[in-house]
Each structure stands twice: as structure tokens, then as C-alpha cells.
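Structure assessment
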Amino acid sequence: MLTRYKNFLKEFDNILKAIYEEQKQYIHCQKGCSKCCEKGEYPYSHIEFAYLTQGYINLPQNTKILVQQNIRNLLMDKKEFKGERFEHKCPFLINGECCVYDYRGIICRTFGLCYYDDINGYVRLPDCVHKGLNYSDVYDEKTQTLNISDVPKVNLRIDRVLSSELANSYDLECGEIRPILDWFGTKK
């Protein structure tokens, strides 16, 4: 199953490459920027988490220890958290870089892109638009409007990607989708 998922990712990454190319004039992502990894829930399906685990297994021991410490600290913080959505820094972000980059999930692969969410009926923008980054030069904060017409019609929500024709062509069993921390600890 993970081999099929890996092959799916190769094809999906080519689709994303084309979308990034179409949107490159609005994207300000650069090596070293980790804004998208510093606050979120990071939804992962069961298959994505299994694949991510393979990446973790291949890490050097000292990096594994840092990831384990991050997870332990985040689980303790989540236990104390009183709100509805526990947003946090990704536990795999070490020194501003993803230590499992090749094994990252769909949410991570699509971060930074703008797309049309046909389920909710609106254009989704990356959160970094509010930090003066991606799409900020064509987004009006006051009116909350995007001044472009070439928004990709593909829906990049994790549930849509994992139930797409492409995913189905690989006969993937993706399983439940939950925030990444819920894969490590008890749900809140």
C-alpha cells in the first residue's frame, strides 16, 4: 500500500508543480521560510501518517530525539489547552526546516497555494497572505477579496485529494483523517 501511495505522490507532485508554476507570480515561498509550519493542526490521513513514520525511522538518532521531545511537549500543552482548535508548530520542524520533507503530507505539499474549495464554495488562501507573503500583493485585507481570475479549479483539500480520480487509480486506502498530534496521543 505504501508503495502505491509513494507512486501516487510522484504523480500528485507533478500536478502541484504545474499549479505552482501557474501561480508563481503570487508565491513568495523561499528556502528557510517556515511560516506555514509554525501554526496549524496539520491534518493527516492514516496512510500519510504511515508514510511519515517511514521518514521518521530514517532520521538520525539525534533528530529523532528532538522530534520526540517536540511531540511530548506538544501533547502536554494540548492536555492543558482549553480552546477548540489546538494550533501548534509542527513537531517535525527542526531549526526552521522539515526533517521529513520527502515524507510530508498532502497538507504540507499544498501549503502556500490558492485554490477553489468546491465543497464550501469559496477560494482558500494560504494563511501567510495575512503576513505579507503569498498572494498578499493581490489580496485586499479590508474587503477580503482576491484580485485575480486564474484560481485553479482543482480542490486541494486533503479529503478531496485522497478521494480524487488520481488517488482512486492507485487503489489507496487512506483511512481516517485527523490532526497530526491525534496520531501520537489521545484525542481531545
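Here we summarise the structure given alongside this text. Worth saying up front: this structure is predicted, and the values here are computed from it rather than measured.

Examining the overall build of the protein
Within the protein, the regular secondary structure consists of seven helices and eight strands. Here the protein has a C-alpha radius of gyration of 17 Å; the compact-globule value for 188 residues is 16 Å, and the two agree. Counting only C-alpha atoms, the protein reaches 45 × 40 × 30 Å along its principal axes. When the 188 residues of the protein are sorted by exposure, 39% land in the buried category. Across the protein, contacts joining residues at least 24 apart in sequence account for 76% of those joining residues at least 6 apart. Between the averaged position of the 26 positive side-chain charges in the protein and that of its 26 negative side-chain charges there is a distance of 6 Å.

Some words on the environment of Asp 182
Locating Asp 182 in the fold gives a position in helix H7 (residues 180–184). Separated by 141 residues in sequence, Asp 182 and Glu 41 place their C-alpha atoms 9.5 Å apart.

Quick word on the packing of aromatic side chains
The final tally for this structure, using the stated rule, is eleven aromatic pairs. With centroids separated by 5.7 Å and ring planes inclined at 15°, the aromatic side chains of Phe 8 and Phe 12 adopt a geometry described as stacked. Of this pair, Phe 8 and Phe 12 are both found in helix H1 (residues 2–23), four residues apart, which corresponds to roughly one turn of the helix. Among the residues examined, Phe 8 registers a relative accessible area of 0% and is labelled buried. Here the aromatic residues Tyr 5, Phe 8, Phe 12, Tyr 51, Tyr 103 and Tyr 170 are joined through ring pairs into a cluster of three or more. The ring of Tyr 116 has Lys 153 lying over it, and the distance from NZ or CZ to the ring centre is 5.9 Å. Of note, Arg 178 hangs over the ring of Trp 183, and the distance from its end group to the ring centre comes to 3.8 Å.

Some points on the environment of Glu 141
Inspection of the secondary structure assignment puts Glu 141 in the loop between strand E6 (139–140) and strand E7 (145–146). Placed 82 residues apart in sequence, Glu 141 and Leu 59 show a C-alpha to C-alpha distance of 41 Å. The residues touching Glu 141, leaving out its near neighbours within four places in the chain, are Val 129 and His 130. A polar atom in the side chain of Glu 141 sits 2.7 Å from the side chain of His 130.

Quick notes on the nonpolar core
Grouped together as the largest cluster of nonpolar side chains are 30 residues, with contacts concentrated most on Tyr 5, Phe 8, Ile 106 and Tyr 135. Contributing elements (two or more residues each) for this core: H1, helix H2 (46–57), helix H5 (158–161) and helix H6 (165–169). Leave out the neighbours within four places in its chain, and Ile 106 touches Tyr 5, Phe 8, Leu 9, Phe 12, Glu 48, Ile 158, Val 161 and Leu 162. The next biggest cluster of nonpolar side chains, apart from the first, holds 16 residues, and it includes Tyr 42, Leu 59, Val 100 and Ile 180.

A closer look at the packing of H1 against H2
In a packed pair of helices, the relevant descriptors are the angle between the two axes and the axis-to-axis distance. Put simply, H1 and H2 touch, their axes get as near as 10 Å, and they point 95° apart. On the basis of their axis angle, the class for H1 and H2 is roughly perpendicular. Contacts between H1 and H2 pair Leu 2, Tyr 5, Lys 6 and Leu 9 from the former with Ile 47, Glu 48, Ala 50, Tyr 51 and Gln 54 from the latter.

Some remarks on the pattern of salt bridges
Applying the stated criterion across every chain yields a total of twelve salt bridges. Among the salt bridges present, the one from Arg 109 reaches Asp 13, with a minimum N-O distance of 2.7 Å. Here Arg 109 is found in helix H4 (residues 106–110), whereas its partner Asp 13 is found in helix H1, with 96 residues between them in sequence. The exposure class of Arg 109 is buried, given its relative accessible area of 4%.

Calculation rules
Residues numbered from 1 in each chain as written. Predicted model: local features only at pLDDT ≥ 70, side-chain atom pairs only at ≥ 80, totals over all residues. Heavy atoms only, no water. Helix = DSSP H or I, 4+ residues; strand = E, 2+ residues; numbered from the N terminus. Rg over C-alpha atoms; globule rule 2.2 N^0.38 Å. Buried < 20%, exposed > 50% of the residue type's maximum accessible area, 1.4 Å probe, protein only. Contact = heavy atoms within 4.5 Å. Lys, Arg positive; Asp, Glu negative; His and termini not counted. Charge placed at Lys NZ, Arg CZ, Asp CG, Glu CD. Phe/Tyr/Trp six-rings, centres within 6.5 Å; stacked < 30°, edge-to-face > 60°. Lys NZ or Arg CZ within 6 Å of the ring centre and 35° of its normal. Polar contact = N/O pair within 3.5 Å; in protein donor to acceptor, adjacent residues only side chain to side chain. Core = buried A, V, L, I, M, F, W, Y, C linked by side-chain atoms within 4.5 Å. Axes fitted to C-alpha atoms, helices over the stretch in contact; angles between N-to-C directions. Parallel < 35°, antiparallel > 145°, perpendicular 65-115°, else oblique. Salt bridge = Lys/Arg side-chain N within 4 Å of Asp/Glu carboxyl O.

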